[in-house]
Structures are given as structure tokens and as C-alpha cells.
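# Results of the structural survey
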Amino acid sequence: MNKTIVLTPYEIFVAAQAGIARTVENIRDGKKHNYGAQDKDTWQITIEGALGECALAKYLGIYWDGKGIMRGADVGDMDVRTAWRDNSHLLVHPNDSDDRKFWLLTGLNGTYTIRGWIFGRDAKKQEYWKDLQGTNRPAYF
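Residues numbered from 1 in each chain as written. Predicted model: local features only at pLDDT ≥ 70, side-chain atom pairs only at ≥ 80, totals over all residues. Heavy atoms only, no water.

In this structure the tally under the stated criterion is eight salt bridges. Close ionic contact of Asp96 with Arg81 constitutes a salt bridge, the shortest N to O distance being 3.2 Å. Placement of Asp96 in the loop between strand S2 (78-83) and strand S3 (101-108) and of Arg81 in strand S2 is noted, with a sequence separation of 15 residues between them. Neither residue differs from the other here; Asp96 and Arg81 are each classed as buried. (Salt bridge = Lys/Arg side-chain N within 4 Å of Asp/Glu carboxyl O. Helix = DSSP H or I, 4+ residues; strand = E, 2+ residues; numbered from the N terminus. Buried < 20%, exposed > 50% of the residue type's maximum accessible area, 1.4 Å probe, protein only.)

Two elements in contact, helix H1 (residues 9-29) and helix H2 (residues 42-60), have axes whose closest approach is 8 Å; the angle formed by their N-to-C orientations is 135°. Relative to H2, the element H1 lies oblique. Here H1 and H2 pass one another in a crossing that is right-handed. Here Glu11, Ile12, Ala15, Ala16, Ala18, Gly19, Ile20, Arg22, Thr23, Val24 and Ile27 of H1 come into contact with H2, specifically with Thr42, Trp43, Thr46, Ile47, Ala50, Leu51, Glu53, Cys54 and Lys58. (Axes fitted to C-alpha atoms, helices over the stretch in contact; angles between N-to-C directions. Parallel < 35°, antiparallel > 145°, perpendicular 65-115°, else oblique. Left-handed = near helix turned anticlockwise from the far one by under 90°. Contact = heavy atoms within 4.5 Å.)

Attention now goes to the sheet that holds strand S4 (residues 111-119). Taken together, the four strands give an open sheet; going across it, the order is S1-S4-S3-S2, and neighbouring strands pair in mixed fashion. At either end of the open sheet lies a strand with only one pairing partner, and these are strand S1 (3-6) and S2. Shown here is a sheet whose adjacent strand axes are inclined to one another by a mean of 35°, direction ignored. Pairing between S3 and S4: eight bridges, direction antiparallel. Following the sheet pairing, Lys101 is matched in S4 by Phe119. The strands touched by H2 are S1, S2, S3 and S4; relative to S3, the strand with the most contacts, the crossing angle is about 115°. (Pairing = 2+ DSSP bridges.)

Attention now goes to H2. For H2, which comprises 19 residues, the first-to-last C-alpha distance of 27 Å matches the rise-based estimate of 27 Å (1.5 Å per residue) to within 8%. Three or more residues of H2 are buried, namely Thr42, Thr46, Glu48, Gly49, Ala50, Leu51, Gly52, Glu53, Cys54, Ala55, Leu56 and Ala57. Against the buried residues of H2 lie S1, H1, S2, S3 and S4. Phi turns positive one or two residues past the end of H2, at Gly61, with a value near 70°. (Expected span 1.5 Å × (residues − 1).)

Written as C-alpha cells, this is what we have:
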């Protein structure tokens, strides 16, 4: 697939604001990361995640309001995983929906490459179960 999407400065601003709002709500509500991410990375994770969602919505021509619902789909009825390394793997957790498409976008600061997607059920194969980060937090990669 490898299609690159470049967000406009205004799209970056709107998506970043969505990431900020999510983080402020999580701080207010005392919510922590589910899978061991460190608090020092919170802003980067939430803002880049929102930028990735915005990029996928732009690519698919789907309206994205940025707000979302906790544990709800990110874009339409799909989920987005955003990573900054070009050689990143799509990460799916055991409790992720079997019926959603999971998209991998790689990039940073408003420029993202769409790497592809897989249904949750197809990602959850034993051969993909790994602890690539060596943190004793395996997932499907």
C-alpha cells in the first residue's frame, strides 16, 4: 500500500488539539495507559495518535471529529495504530475487537505512510504473538 498522506498545517492543529483534549480528560479522570506506556510519553502518544487518525480519515474520505469514545473505533468503524519508525509492526492486543480493521500508519509531525490493515481476528494468530520490545508485555505483531 505505502501511500503517504501529508496533513495541512490546519489539519495538524485540529488533530493536535484533539490529542491534547484527550490527554487533559485522562489526567482529570486519573486514567493511565493500558499497556505500560510511560507517563513521560503521554503527550507524544496521544497527539501523534490523533494525527494518524486524521491522516487515515483524510485518505479514506471519512469525516473525523477527533473526539472519539474511549475504547470506541478511531475512524469510522476502524482502529488506527500510529508509529514513528518506518519499520514498525502493527500491534494488536488480545482484547482488541476481532471485527474491526486495524490500520498501521508510520510517520511523524503530520506526514504518514499508510502501511496496510488487517482484521483483528486475522491478526490474532499464535505466530504473531511476540514480545518485540522485551518488556514482558507480548501482543500480536
